[in-house]
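Topology and contacts: notes
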Amino acid sequence: MLRVGLTGGIGSGKSEVSRRLVALGAVLVDADAVAREVVEPGTPGLAAVVEEFGEQILLPDGGLDRERLGEIVFADDARRARLNAIVHPLVGRRMQELVDEAPADAIVVYDVPLLTENDLAGLYDLVVVVDAPVEEQVRRLTELRGMTEDAARARIAAQATRERRRAIADRIIDNSGTLESLAAQVDDLWAELARRAA
């Protein structure tokens, strides 16, 4: 089994890269998807988050109001650390379950937004960083996700710097250009992963 850590700043295009890798045959373990799963209504994870942050982080239907929680934790490092202390162990256990279900010869791509911040590079055979200039990240977050510029910059500032992410990369995917350029780089990466896995 080849374990590939995939990371990149918010708005870098990491999700597009992971989609393309799955289409080529990778088994995806998506930390964000797992993080949503472990705080779904009725889970111990959601109960623990509500106990820490109060009922104001719930939507009327009982689900987690991610926008509200994000406003709280991205403005306060200590509260973000408390949230991470609740959610990260749950995410880690669930991700391991998903890996255990994968074929023994799989190329497993772990899509981990905070790989750099949590010093996780050593867990993978190869670390791939999807990179885009900060101004391009801001443009994508404001135009495609509807964030305000201030909110976009706050999210970017809460993550590792581009330089720190690039420093841990075994491979860098430059996503400052076209989708065609991105696809070609992902195809090249897949060929390399397939060689390594063989």
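Note that this is a predicted model, so its numbers are computed, not measured. (Residues numbered from 1 in each chain as written. Predicted model: local features only at pLDDT ≥ 70, side-chain atom pairs only at ≥ 80, totals over all residues. Heavy atoms only, no water.)

The end-to-end C-alpha distance of helix 9 (residues 179-197) is 26 Å, a good match for the 27 Å that 19 residues give at a rise of 1.5 Å each. Those residues of helix 9 not exposed but buried are Leu 182, Ala 183, Gln 185, Val 186, Leu 189, Trp 190, Glu 192 and Leu 193. Among the structural elements, strand 1 (2-8), helix 1 (14-24), strand 3 (107-111), strand 4 (126-131) and strand 5 (171-174) are those in contact with the buried residues of helix 9. (Helix = DSSP H or I, 4+ residues; strand = E, 2+ residues; numbered from the N terminus. Expected span 1.5 Å × (residues − 1). Buried < 20%, exposed > 50% of the residue type's maximum accessible area, 1.4 Å probe, protein only. Contact = heavy atoms within 4.5 Å.)

An α-helical segment advances 3.6 residues per turn. Residues three or four places apart therefore align on the same side. Looking only at helix 7 (residues 149-158), the buried set comprises Ala 152, Arg 155 and Ile 156. The buried residues of helix 7 occupy an angular sector of 100 degrees when the element is viewed end-on, so they sit on one face. Along helix 7, the residues that are exposed and aim more than 90 degrees away from the buried face are Asp 150 and Ala 157. Among the structural elements, helix 4 (66-73) and helix 6 (134-144) are those in contact with the buried residues of helix 7. (Arc of directions from axis to C-beta.)

Right, let's talk about the sheet that holds strand 1 for a bit. Pairing in this open sheet of five strands is parallel, and the strands run 2-3-1-4-5 from one edge to the other. Of all the strands in the sheet, the pair left with one neighbour each is strand 2 (27-30) and strand 5. Neighbour to neighbour, the strand axes of the sheet diverge by 25 degrees on average, direction disregarded. Examined bridge by bridge, strand 2 and strand 3 share four bridges and lie parallel to one another. By the bridge assignment for strand 3, Val 27 is matched with Val 108. Along the sheet, helix 1 makes contact with strand 1, strand 2, strand 3, strand 4 and strand 5, crossing strand 1 at roughly 155 degrees. The sheet strands contacting helix 9 are strand 1, strand 3, strand 4 and strand 5, and the helix crosses strand 5 at an angle near 160 degrees. (Pairing = 2+ DSSP bridges. Axes fitted to C-alpha atoms, helices over the stretch in contact; angles between N-to-C directions.)

When two helices pack together, their arrangement is given by the angle between their axes and by how far apart the axes lie. Contact geometry for helix 6 and helix 7: axes closest at 9 Å, N-to-C directions at 130 degrees. In this view, helix 6 runs oblique relative to helix 7, as classed from their interaxial angle. Helix 7 is crossed by helix 6, and the crossing has right-handed handedness. Between helix 6 and helix 7, the residues in contact are Val 134, Glu 135, Gln 137, Val 138, Leu 141 and Thr 142 and Glu 149, Ala 152, Arg 153 and Ile 156, respectively. Residues that form the contact of helix 6 with helix 7 fall into these classes: five nonpolar, two polar and three charged. (Parallel < 35°, antiparallel > 145°, perpendicular 65-115°, else oblique. Left-handed = near helix turned anticlockwise from the far one by under 90°. Nonpolar A, V, L, I, M, F, W, Y, C, P; charged D, E, K, R; others polar.)

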